[in-house]
Amino acid sequence: MNDFFKLLEKKKITLPDNIYVLLTSCRKFTVFNTVDELAVAAVGGENSNTFEVKYDIPGKGEHTEAIVHRVTNGISANYSEAYMRRRDPDTMSISDDLPSDKQRFKDKFGYNFRSLKAETFSWLKEQELAVFFFFAGNDKIGIGGIAIAPANAGFFAMGLSMLQKIIPINDLTSDFEIESVIYVAPTFRHTHFNGTQVVVHNRSENLHEIFSYNLYPGPSAKKGLYGALLSKGEKEGWITAHCSTVRVISPYDNVTTFMHEGASGGGKSEMLQNIVREQNGLVLIGQNIVTEEKRLINLPLFCSFNPVTDDMAMCHPSLQKDDGKLTVLDAENAWFIRVDGIKEYGDDPFLEKITINPKSPLLFLNIKSNPDGTALIWDHTEDEPGKKCPNPRVIIPRNIVPDVMTRPVTVDVRSFGVRTPPCSLENPSYGIIGLFHILPPALAWLWRLVAPRGYANPSIIGGSGMESEGVGSYWPFATGKMSHHANMLLEQIIETPRTRYTLVPNQHIGVWKVGFKPQLIMREYLTRRGNAQLRSDQYQDARCSLLGYELNYLTLEGAKIPSRFLQVHRQPEVGIEGYDSGAEILFEFFKKELPKYLTPELSATGRRIVDACLAGATVEDYNSIIPMNYQYSFLSAKDYEQSNDNNRL
């Protein structure tokens, strides 16, 4: 123990007072330096292949949180409760007095967090602890931190050390700052929170504390530290976007970089996947759920691609090139990939190959396993007999992903994904989005404000209907002011006028079940086009103005995409009446979600866009506010606001 503190002193690294007191008062702590060390701890030691993570809960007795297996390809953890196998969207609360639009701990639970914080430290002092240093971010952009967890929760610590890069204590340098800390106290969800997932953020000027009262890494190890990155960016004026990014190369050597944003379940990880052919070599676009008709096309060659980011991308000012496009860098050290769409061997050869025989140990969650066996990503844990968990996950280090790009990339197309339900005349819904739509920048911003979570989301508890994940689709993880983030997103869009915007559905187009094929077909098509402009007769204003421009026709390698996939009102099962009813549902959703942004802090241009939408703006109305051209390539957001003011005068 003394050697630990002496080494930090030698390196001129100062522990925050709370952490110093905790570590000098606890029963014992072990400092971990590698993921491999934590993988051993996850199963209780070198000679063990099975471990139960269990705690004695006062008044309830012994409770097993998870059963952990050592497998040939890493560590597999399965929770004892179905509730713990996905993220609860109502997890966060704020315990400090800094500016925030999020619910305060005292308002949510009826008492001051100070007393619970003291109880948490008292409990941690009675435990044997696992401790390690990490860096959330990339290439010195981000936040350094320290993790403190019960030693028997090694699988959770392992996941955190993979997602946010673990730093061996000997590699720490004098400029390493501890700006964040995550404390893990899983028994408190039983003793204080009726078994629910709770994560409390406590911010101060120099330290962002995250108290994780559960062992599912989604709301804490991943999204909790995402919140810390967002807090740092809010203070400094930059965004960590909620997106995947992929650099795509066509068979004719065109290169196009896509940044795919969206709420949970919006297709971010899927944007990095290969298109799977049917047994006859064709590509299935979709299947009609009424007639069971299938529509397939022939694509002789697919584009190749380089994954860049899976879920989080830093848009730091130091990365920007002032060329009218956005430049991003991965904010994660490993990717938390949902594999619910992989139901049998052969569904995704790319992921199957790197997860069955990986170069370093992986962490599997909600995947069936046996000690010393191999965890298979299509063998999902059952929530109950005959009902598989919809949120099986695997954490994969970025550095073992084939062809991954580690340097910043410049974005050509920003797409936004929406999970859509079936839509028909008899049962209209917002499933009226065609294969993909082209959005004016102002409308692209609005979609990032309302950020619909959408239909049948597999990643979170509840939320079967159309609900908003809020500004940027990262709002569930942010701790600050909503209007501030809205302004930063709008500034970003104005300052990158050469970036194009699209809207793409997944799951359904009208009555056609399509899965994630729309975004993959869009990826193939727009990469082949490169910088070529669409012909003026190829697109028109969508019948629903919230959908921007719809396509009249689309041909890919000689294969024509039927118009019913481009314009949903052309489907006989939907028609004009069903489409218009769905459009009304969509418009009502926007009318419900947008007024909250009309605060005094919202920028003048932002207010103009929101007011236009609430007044029933046309596509050209949006295009007139922020034109789809290069006119403002080198104007700052402030200059653009001024130009709008001058135009109004």
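Placed above this text is the structure.
Just so you know, these numbers come straight off a predicted model, no measurement behind them.

Inspection of the secondary structure puts proline 505 in strand E27 (residues 500–509). Note on proline 505: relative accessible area 0%, which makes it buried. Along the backbone, proline 505 and alanine 456 are 49 residues apart, and their C-alpha atoms lie at a distance of 13 Å. Dropping the residues within four chain positions of it, proline 505 is found in contact with Val418, Thr420, Ile433, Gly434, Leu435 and Pro518.

Here we take up the side chain of glutamine 127. Tracing the sequence through the fold places glutamine 127 in the loop between helix H5 (113–125) and strand E6 (128–138). Residue classification places glutamine 127 among the buried residues on the basis of a relative accessible area of 16%. Discounting chain neighbours no more than four positions away, the residues touching glutamine 127 are Cys26, Arg27 and Lys28.

Bridge analysis of strand E14 (residues 283–288) against strand E28 (residues 512–515) gives two bridges, and the strand direction is antiparallel. Its bridge partner lying in E28, glutamine 287 is registered against lysine 513. Where E27 lies against E28, three bridges are found, and the strand directions are antiparallel. Across the sheet, residue isoleucine 509 finds its bridge partner in E28, namely tryptophan 512. Linkage of E27 to E28, two consecutive antiparallel strands, is achieved through a turn of two residues, within which glycine 510 is found at a positive phi near 60 degrees.

The subject of this paragraph is helix H2 (residues 17–25). Within the span of H2, buried status applies to Ile19, Leu22 and Leu23. Projected down its long axis, H2 carries its buried residues within an arc of 90 degrees, all on one side. Among the structural elements, helix H1 (2–10), strand E1 (28–31), H5, E6, strand E7 (141–150) and strand E9 (180–184) are those in contact with the buried residues of H2.

Take a positive patch on the surface next. A cluster of basic residues, Lys343, Lys368, Lys388 and Lys513, forms a positive patch on the protein surface. As for its position among the elements, lysine 513 is in strand E28.

What counts and how
- Residues numbered from 1 in each chain as written.
- Predicted model: local features only at pLDDT ≥ 70, side-chain atom pairs only at ≥ 80, totals over all residues.
- Heavy atoms only, no water.
- Helix = DSSP H or I, 4+ residues; strand = E, 2+ residues; numbered from the N terminus.
- Buried < 20%, exposed > 50% of the residue type's maximum accessible area, 1.4 Å probe, protein only.
- Contact = heavy atoms within 4.5 Å.
- Pairing = 2+ DSSP bridges.
- Arc of directions from axis to C-beta.
- Patch = residues over 30% accessible without salt bridge, like charges linked within 9 Å, V, L, I, M, F, W, Y side chains within 5 Å.
- Areas by Shrake-Rupley, 256 points an atom, 1.4 Å probe, with all protein chains shown as cover.
- Salt bridge = Lys/Arg side-chain N within 4 Å of Asp/Glu carboxyl O.
- Lys, Arg positive; Asp, Glu negative; His and termini not counted.
- Charge placed at Lys NZ, Arg CZ, Asp CG, Glu CD.

Purely spatial values, then, with no claim about function.
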